[in-house]
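Spelled out, the chains give:
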Amino acid sequence: MASALLAIIILAPIAGALTILFIPEKEDVIIKSTAAFFTFISLAASVAAYFMYDVAKGGMQLVLEIPWVNEFGIKFSLGVDGISLPLILLTSIVIFTGVFASWDMQHRIKEFFIFLLVLVSGVFGVFASRDLFFFYLFFEVAVIPMYILIGVWGSTRKEYAAMKLTLYLLVGSAFVLIGAIAMFLYGADPVKGLGYRTFDIASLAQVQFDPAFQKFAFFLMMIGFGFLVPMWPLHTWSPDGHVAAPTAVSMLHAGVLMKLGGYGLIRVGLACFPEGAHYWAPLIATLCCVNATYGAFVAMVQKDLKFVIGYSSVSHMGYVLLGISAMNAVGIDGAVAQMFAHGIMTALFFAIVGNIYNKAHTRMIAEFGGLAHQMPRVAYSFLIAGLASLGLPGLYNFVAEFAIFMGAIQVYPVRAFISVFAIVITAIYVLRVMMRVFFGPRNPRWDDLKDARGVEIVPFIILSGTLILFGVFPDLLMNMIDNGVVPLAEKLATFKMGGIF
Amino acid sequence: MLELAWLIPIFPLIAYTLIIFLTKKSKSISVAVALAGIVASLVISIGVLVETIQKGITMAEPFEVAVKWLRLSAIDKYTGLNIDMGILIDPLSAVMMFVVTSIATLVIIYSVGYMHGDPGFSRYFAYMSLFAFSMLLLVIANNFFEMFFGWELVGLCSYLLIGFWFEKPSAAKAANKAFITNRWGDFGFMLGIILLYINFGTFNFGEISRIIGDGASGVGAAILTLISLLIFAGPMAKSAQFPLHVWLPDAMEGPTPVSSILHAATMVAAGVYLLARGFVLFNESTETLLFIAYIGGITAFIAASFALVQRDIKRILAYSTLSQLGYMVMVIGVGSITAGMFHLTTHAFFKCMLFLGAGSVIHAVHTQDIFEMGGLSKKMPITTWTFIIGALALAGIFPLSGFWSKDEILLATHQAGFTGLYWLATLVAGMTAFYMFRLIFIAFFGEKRTDHHAHESSPWMTVPLIILAFFAVFSGWGLVKMGYGSMVFFGHPHHGEINLGIALISTVFALGGIVLAWLIYYRKIVDTDLMKQRFRPIYNLLWNKLYIDEIYEWLFDKVMLGVAWLCNQCDRKVVDGIADGLGDTVRHTGGWMRFMQTGSLQNYALVIFGAIVIIVLLMATPVLGGVIR
């Protein structure tokens, strides 16, 4: 049972997609319920995995291994540790709530849910894979449906955004692919490497790659995963993509897909190339402090609600990179925690904006005002997401950011200082949006807008509840993350190299 | 009782949760829940205070309990993160908790009358409970991190309550301003505690003072100054010190009881409390102390001068709060947390009362402009007399509470050798008396200036006023008798004797201020309009509060938004432009290359033939290594 758990998490959405295939298009409630049911299986299995994971023991657990192509050492091997398990939990929460957030979809819902479920299964696969080949394969499984989902069900320049996003992600993954093949060949080398062919990430991480190779390979990983995170200036696909995507896809996209970049950078980049990472870290630290402040500044002058949130993601993902670039336990702990926290927070944001957009058919901030009169629940949810975004204690984002700053300031004091300044700008743009959209006198134009009710509030409750739960009791998750990060941090402390600057 | 102290913040939190999730629909049950929560906290606070005195718990040997909250590993030379949530009971926190819970209780009772009929009635009491929780968490905290936690939640609650009537754009704006101004302070505060942790390895107040006391911290003087200055940014914003004071006068947009609790016990007091709590750290850096003292002194003077010309009753009180906070900060800067906390305590009672009194007036006449009131003393006797008591206490007239604490401040400043600040503070005492009695003579005496139908407020509102008046009269003398100086102190107990000279001078100034106000606004010996004309530039400067708000607004509009606009342009035009440009290049290249894929067979045949000819020629050319000779 234990070893099959991860397979269940990955395959449940696929099973759901196959089931939906046989449901007639017009039975939309059944289609949605089926999607909800199968994503719930993933959610339940993830929660079970959370409880079954033994933190005291640490390391890779819930392992499953099936040989696939023996000549190349490709194995379908799954397992989770303290870094990947929280992200699997994140994915399952976001997709489950995402299904509810797309409850009022009308157009071609059958295909929509099929693609959505295939996509999420790919994401689960990336986080659960211990094999580099499958890591890559699942990643591609996640990217392709995204193109269709945005291109068909999107809004606002959807074809442009879908194309842009897909191209960016594919270019990024090309870099990763080159890096992965180089690693594989180096690993198979009988003298310098292991002497046998394998894609197993843990085995490859044991190879002592020579420094020149590490510089080269980490650079590829940094650019490749940097596209995903996204690292400035490789980020412009993300606001466009977020804006164009339908609600559930935005949630998944900003909530989870961007985390693949941070996760890959930690799992493959840091773990396999500690010295290369040390070499490039100062560059990452510099770029990410541009991310954090510049992203926040850009968010301040956006007119479209979704663009505000899109750029806020750019800003917050900068913190993830900052934590990674610190290369110490606290910083990476914070980075992983921030991926989780930002994922939940941004999913909440997109669920709210989606809800408003569905009813008001506009997202322009200037057209709103006084919406708290008509939609108090939506206003409250937005407030919670906003407060999480500006790092209020009591919500999980604060814990994550605090840890990141604590880690980064010890290594890059000035750059950390500049990044911390983003919390002021964040407060400004979040509260300005809050004021312009929800506060002010009642606007009769929106009097027929109904507050969120019924299934619509499921995402709001689950997502904000998660933020509060881990914000008040951070040890529930931080223990596990710390446990996964410590071996990595020890390795990084052992293998060092001077930075690029 | 000490073992139950952790419940003090918890009760209001429970009340908040219950109201939000269960009882929101029913107004009366919500009020009952909020009241029950805060009264329970009050009872335990009193018990804790009594036990603290009886058991002889001192500043040096506090009662402390903590639980683990977060543990992150330290690897290599980098520090981990070790955060506890705990409670720290010593005379400082015990007195402060009593002040907070008692004032919160009275304000909540008062609010029942004041908020009667408001559509957001239950929501209001929920926020008030959360406010009390946050402040109590901050007070009871045993480490800087926990304090920051409460600190930020206090900021959130002030945002929610100032913007309580969110339909008013001015209220929404004021709420934003309060939160964002405080955010600037929090930015410094957070950096400060992070650096503190990196250098000391702990957030715990006791451990930090032990490390500093042992002199073995190994932390450089420059770093300590940096840390303490960064942390001071927090109190500067929260206790509204110049130049981060701009949010407090605007905070008037909330319901009046909110202003009352905000100015007395829960929000602005937090900054002063932090200075007292972390004094061991500030004490390590003379530069920081000097900075604190002068910032306090400047705030006290500037705010008092603004108050001289305001017309809005709440604004006058707001600037008076600013000025008094300046006093507290200044005296902590000169080295006496005893005087600072003493004044915080007495000020909390009489300022709370003054605001509630103002609320009672506004409730009755529906205006905040004192020049539209007049002659209220006959219609509202209880409000008037409690207000006068409050004003006398604020002016520092013997034997009311303000006299004792203000005297402590002046004495401490004088003894520490800050003669300039001492005279400045004495002058401010005179100004305070003047503007308070200007308000009283205009609003409560004289003829009715407009056709208002004032009436005394309901007992829900007057009873808290009377209770607070009792404290305003006796708390100063009472605390001196209780030996406050030997309870709350830093280093050595401070046994302040009343210095007759200083007491006399300050009393002369205060009485002078009152008499002047009486002459000008009651006897009308000079024409105030004429004065206004003659000193037009100064009047304008004060009326417009030195144009500081305008300057900030300009900075925000031009600098912050300018940078944002620039970043946006850069993103859309440059970064995205390059990316799209790359894409276009590829597409154009493709379009250009397309001429080869014409689809017509003849063309392909021609190309193939041409290629064959070229290859044959190449192979035939000896220079290129051809084989045909």
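The model shown is predicted, which means the values in this text are computed figures rather than measured ones. Sequence order as written defines residue numbering, which begins from 1 separately in each chain. The lettering of chains begins at A and the numbering of ligands begins at 1, in the order of writing. For this predicted model, a pLDDT threshold of at least 70 governs which residues receive local features, and a threshold of 80 or more governs which side-chain atom pairs are given and counted, while totals over whole chains, interfaces and linings are taken from all residues. Each side-chain value is worked out from all heavy atoms of the structure, with water and hydrogens disregarded.

### Side note on the packing of aromatic side chains
Then comes step 1: Only rings of Phe, Tyr and Trp enter the pairing, Trp through its six-membered ring, and a pair is recorded when the two centres are within 6.5 Å. The plane angle decides the type: under 30 degrees is stacked, over 60 is edge-to-face, the rest tilted. By the definition in use, this model includes 82 aromatic pairs over all chains.
Then comes step 2: Pairing Phe-402 of chain A with Phe-203 of chain B gives two aromatic rings, centres 6.1 Å apart and planes at 50 degrees, and the pair type is tilted. In this pair, Phe-402 of chain A is assigned in helix H16 (residues 396–409) and Phe-203 of chain B in the loop between helix H6 (169–200) and helix H7 (205–214), connecting two distinct chains.
Then comes step 3: For the exposure calls, accessible area comes from a 1.4 Å probe over protein chains only, and a residue counts as buried if that area is under 20% of its type's maximum, exposed if over 50%, partly exposed in between. On the basis of relative accessible area, Phe-203 of chain B is assigned to the buried category, the value being 2%.
Then comes step 4: Consider the rings of Phe-145 of chain B and Phe-203 of chain B, whose centres lie 5.7 Å apart with planes at 40 degrees: the pair is tilted. With Phe-145 of chain B in helix H5 (residues 144–162) and Phe-203 of chain B in the loop between H6 and H7, the pair connects residues that are 58 residues apart, well separated along the chain. Judged on exposure class, the residue Phe-145 of chain B and its partner Phe-203 of chain B are both buried.
Then comes step 5: One aromatic cluster in this structure is built from Phe-398 and Phe-402 of chain A together with Trp-69, Phe-145, Phe-148, Phe-149, Trp-151, Phe-189, Tyr-197 and Phe-203 of chain B.
Then comes step 6: Over the face of the ring belonging to Phe-164 of chain B we find Arg-123 of chain B, whose NZ or CZ atom lies 4.3 Å from the ring centre. What counts as a helix is a DSSP run of H or I of at least four residues, what counts as a strand is a run of E of at least two, and both are numbered from the N terminus. Criterion for a charge above a ring: Arg CZ or Lys NZ at most 6 Å from the ring centre, at most 35 degrees from the ring normal.

### Quick notes on the nonpolar core
Then comes step 1: Buried Ala, Val, Leu, Ile, Met, Phe, Trp, Tyr and Cys residues that are joined via side-chain atoms within 4.5 Å together make up what is termed a nonpolar core. Core analysis: the largest hydrophobic core is formed by 453 residues, its most contacted members being Tyr-396 and Phe-438 of chain A together with Phe-144 of chain B.
Then comes step 2: Residue ranges assigned to each domain were obtained from an automatic or database domain assignment. Formed jointly, this core draws a minimum of three residues from each of two domains, domain 1 (2–543) and domain 2 (546–597) of chain B.
Then comes step 3: The contact criterion used is simple: two residues touch if any of their non-hydrogen atoms lie within 4.5 Å. Other than its neighbours up to four places away in sequence, Tyr-396 of chain A contacts Ala-337, Phe-340, Ala-341, Leu-467, Phe-470, Gly-471, Pro-474, Leu-477, Met-478 and Ile-481 of chain A.

### Concerning the interface of chain A and chain B
Then comes step 1: Contacts between chain A and chain B engage 67 residues on the former and 57 residues on the latter.
Then comes step 2: Joining two parts hides part of their accessible area as seen by a 1.4 Å probe, and the buried area is that hidden amount summed over both. Interface of chain A and chain B: buried area, both sides summed, is about 5,600 Å²; carbon and sulfur atoms make up 74% of it.
Then comes step 3: It is Phe-402, Met-406 and Leu-431 of chain A that lose the most area in chain A upon contact with chain B, and together they represent 11% of the buried surface on that side.
Then comes step 4: By definition, a salt bridge exists where a carboxyl oxygen of Asp or Glu is found within 4 Å of a side-chain nitrogen of Lys or Arg. Along the contact surface separating chain A from chain B lie 2 salt bridges.
Then comes step 5: Close ionic contact of Asp-240 of chain A with Arg-572 of chain B constitutes a salt bridge, the shortest N to O distance being 3.5 Å.
Then comes step 6: In the analysis that follows, any N or O atom pair within 3.5 Å is treated as a polar contact, provided that within protein one partner can donate a hydrogen and the other can accept it, and provided that, for residues neighboring in sequence, both atoms belong to side chains. The tally of links from chain A across to chain B stands at 16 residue pairs in polar contact (both at pLDDT 80 or more).
Then comes step 7: With 12 residues, helix H17 (residues 413–438) of chain A is the single largest residue contributor to the side of chain A that touches chain B.
Then comes step 8: Residues that form the side of chain A that touches chain B fall into these classes: 48 nonpolar, 10 polar and 9 charged. The classification used treats Ala, Val, Leu, Ile, Met, Phe, Trp, Tyr, Cys and Pro as nonpolar, Asp, Glu, Lys and Arg as charged, and all other residues, Gly among them, as polar.

### Points about the packing of H5 of chain B against H6 of chain B
Residues and elements named next belong to chain B.
Then comes step 1: The convention used is that axes are lines fitted to C-alpha atoms, helices contributing only their stretch in contact, and that angles between N-to-C directions extend from 0 to 180 degrees. Packing of H5 against H6 brings their axes to within 8 Å, and their N-to-C directions diverge by 175 degrees. Here H5 is positioned roughly antiparallel relative to H6, judged by the angle of their axes. When H5 is examined against H6, the residues Phe-144, Phe-145, Phe-148, Trp-151, Glu-152, Gly-155, Leu-156, Tyr-159 and Ile-162 are found in contact with a partner set consisting of Ala-171, Ala-174, Ala-175, Asn-176, Ala-178, Phe-179, Arg-183, Asp-186, Phe-189, Met-190, Ile-193 and Leu-196.
Then comes step 2: Class assignment for the residues of the contact of H5 with H6 results in 16 nonpolar, 2 polar and 3 charged. Any angle that is under 35 degrees is reported as roughly parallel, and any over 145 degrees as roughly antiparallel; angles of 65 to 115 degrees are reported as roughly perpendicular and all others as oblique.

### Here we look at the pairing of strand S2 (residues 74–80) of chain A
Residue and element names in this part refer to chain A.
Then comes step 1: Most of S2 sits inside the fold, with 6 of its 7 residues counted as buried.
Then comes step 2: In short, DSSP must find at least two bridges between two strands for them to pair. Examined bridge by bridge, strand S1 (residues 61–69) and S2 share 6 bridges and lie antiparallel to one another. Directly across from Pro-67, in S2, lies its bridge partner Lys-75.
Then comes step 3: Counting the residues in the hairpin turn of S1 and S2 gives 4 residues, including Gly-73, whose phi is positive at 70 degrees.

### Quick notes on the environment of Arg-210 of chain B
Then comes step 1: Within the element layout of this structure, Arg-210 of chain B appears in helix H7.
Then comes step 2: Residues Arg-210 of chain B and His-455 of chain B, spaced 245 residues apart in sequence, show a C-alpha to C-alpha distance of 58 Å.

### Some words on the domain arrangement of chain B
Many structure descriptions define interface size as the accessible area lost when the parts assemble.
Residues and elements named next belong to chain B.
Then comes step 1: As assigned here, chain B comprises domain 1 (2–543), domain 2 (546–597) and domain 3 (600–629).
Then comes step 2: A separation of 46 Å is found between the C-alpha centroids of domain 1 and domain 2.
Then comes step 3: Contact with domain 1, which involves 10 residues of that partner, is made by 6 residues of domain 2.
Then comes step 4: Here domain 1 meets domain 2 over a buried area of about 690 Å², counting both sides, of which 66% is carbon and sulfur.
Then comes step 5: The largest per-residue losses of area from domain 1 upon contact with domain 2 belong to Val-246, Phe-306 and Leu-541, which jointly make up 48% of the total buried on that side.
Then comes step 6: Where domain 1 touches domain 2, the interface holds 1 salt bridge.
Then comes step 7: In this structure, the salt-bridge partner of Lys-177 is Asp-549, at a minimum N-O distance of 2.4 Å.
Then comes step 8: Classifying every residue of the side of domain 1 that touches domain 2 gives 7 nonpolar, 2 polar and 1 charged.

### Some words on a nonpolar patch on the surface
All names here are of chain B.
Then comes step 1: On the surface, a cluster of nonpolar side chains totalling about 660 Å² of accessible area is made up of Leu-541, Leu-546, Tyr-547, Ile-551, Trp-554, Leu-555, Val-559 and Val-563.
Then comes step 2: Ranked by residue count, the leading element in the nonpolar patch is helix H24 (residues 548–593), at 5 residues.
Then comes step 3: In this structure, Val-563 sits in helix H24.
Then comes step 4: Given the relative accessible area of 33%, Val-563 is considered partly exposed. Nonpolar side chains (Val, Leu, Ile, Met, Phe, Trp, Tyr) are joined into patches within 5 Å and like charges within 9 Å, using only residues with over 30% relative accessible area and no salt bridge. In these tables, accessible area is a Shrake-Rupley quantity obtained with a 1.4 Å probe, and a residue counts as shielded only by the protein chains included in the view.

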